[in-house]
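Coordinate analysis (summary)
Here is what each chain is made of, one letter per residue.
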Amino acid sequence: MRKLILSFMVAALLGSCHQITRNETANGTEFPMATNAGTVSEDSSMFTEIEWLDNDLDLGKVKEGQKVDVAFRFRNTGKKPLIIYSVNPACGCTAAEPPKEPILPGAEGVINASFDSKGRVGTNQKSIGVYTNTFGTTNHNLVFKVEVEKN
């Protein structure tokens, strides 16, 4: 129970440390960038749309101790560059990395993650919070499920 409460506290602290500022690319296109202080800008003129090609994956069965790579694909279906500001796995057994560059309109991108199954025997359903510059919601939830068998 203490681990659960501590996890929520850490997530709340991380979520409260996000501000968007403006940055220019080499070709002069301006887009918001994330920093680690403040809150999200309400300027929706830089928002775009996202289509998740993978957002709920079943990875099947693995042996305990295996590291499993997960790829969540998406497409920018809007008219502005898509920026993935942050990815926040809900568990320490999962690591994730956002794309380093904005995804241009019409282009596809991927969020790569990995899951360490050591000590995780049984059914595991893990989630990754994704923070973007998208209409509708800036917060997205990616989920994967994996069955870890005793080695």
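The residue count restarts for each chain, going from 1 along the sequence in the order it is written. Note on the predicted model: pLDDT of at least 70 is required for a residue's local features to be given, and 80 or more for side-chain atom pairs to be given and counted; whole-chain, interface and lining totals, by contrast, use all residues. Note: side-chain values were computed over all heavy atoms of the structure, leaving out hydrogens and water.

This next bit is on the nonpolar core. In this structure, Phe72, Phe74, Ile111 and Val130 are the most contacted members of the largest nonpolar core, which totals 23 residues. Of all the secondary-structure elements, those providing two or more residues to this core are strand S3 (50-52), strand S4 (56-63), strand S5 (67-76), strand S6 (84-89), strand S8 (108-116), strand S9 (122-132) and strand S10 (139-149). Not counting residues up to four positions away in its chain, the partners in contact with Ile111 are Trp52, Val70, Ala71, Phe72, Phe74, Ile84, Val87, Glu97, Pro99, Val130 and Leu142. Working definition of a nonpolar core: buried Ala, Val, Leu, Ile, Met, Phe, Trp, Tyr and Cys residues. They are joined through side-chain atoms within 4.5 Å. Relative accessibility thresholds used throughout: buried, under 20% of the residue-type maximum; exposed, over 50%; partly exposed, between the two (1.4 Å probe, protein chains only). Each helix is a run of H or I in the DSSP string that is no shorter than four residues. Each strand is a run of E no shorter than two, and both are numbered from the N terminus. In this analysis, two residues are considered to be in contact whenever any of their non-hydrogen atoms come within 4.5 Å of each other.

DSSP bridges decide pairing: two strands pair if at least two such bridges lie between them. The pairing of S6 with S9 spans 5 bridges and is antiparallel. Among the inter-strand pairings, Pro89 is bridged to a residue of S9, identified as Ile128. Counted along the chain from S9 to the antiparallel partner S10, the turn is 6 residues long, and its residue Gly136 has a positive phi close to 85°.

Below, the discussion takes up the sheet that holds S6. Ordered by their spatial adjacency, 4 strands build an open sheet running S4-S10-S9-S6, and the pairing between neighbours is mixed. Each edge of the sheet is formed by a strand with only one pairing partner; in this case those strands are S4 and S6. Adjacent strand axes in the sheet meet at a mean angle of 20°, parallel and antiparallel pairs treated alike. Judged from the 6 bridges that link them, S4 and S10 form a sheet pairing that is parallel. Residue pairing in the sheet places Val62 in a bridge with Val148 of S10. Note on geometry: axes are C-alpha line fits, over the in-contact stretch for helices, and angles between N-to-C directions span 0 to 180 degrees.

All right, on to the packing of aromatic side chains then. Stacked, edge-to-face and tilted labels apply to pairs of Phe, Tyr and Trp rings (six-membered ring for Trp) whose centres lie within 6.5 Å, assigned for plane angles under 30 degrees, over 60, and everything in between, in that order. Inspection of the entire model under this criterion finds 4 aromatic pairs. With 5.3 Å between their ring centres and 45° between their planes, Tyr85 and Tyr131 make a pair best called tilted. Placement of Tyr85 in strand S6 and of Tyr131 in strand S9 is noted, with a sequence separation of 46 residues between them. One exposure class covers both Tyr85 and Tyr131, and it is buried.

Here we take up the pattern of salt bridges. When a carboxyl oxygen of Asp or Glu lies within 4 Å of a side-chain nitrogen of Lys or Arg, that pair is called a salt bridge. This structure, assessed with the given rule, holds 7 salt bridges. Here Asp54 and Arg73 are joined by a salt bridge, their closest N and O atoms 2.7 Å apart. Of the two residues, Asp54 is situated in the loop between S3 and S4 and Arg73 in strand S5; the sequence distance between them amounts to 19 residues. Glu108 is the partner of Arg75 in a salt bridge, and the nearest nitrogen-oxygen pair spans 2.6 Å. Taken together, the residues Arg75 in strand S5 and Glu108 in strand S8 connect sequence positions 33 residues apart. Owing to a relative accessible area of 25%, Arg75 belongs among the partly exposed residues under this scheme. Taken together, the salt bridges that share partners define one network made up of Glu51, Arg75 and Glu108.

This brings us to the environment of Glu64. Tracing the backbone shows Glu64 in the loop between S4 and S5. Note on Glu64: relative accessible area 17%, which makes it buried. When the C-alpha positions of Glu64 and Asp116 are compared, they lie 8.6 Å apart, and in sequence the two are 52 residues distant. Excluding its chain neighbours within four sequence positions, the residues that come into contact with Glu64 are Ser117, Lys118, Gly119, Arg120, Val121, Val148, Glu149, Lys150 and Asn151.

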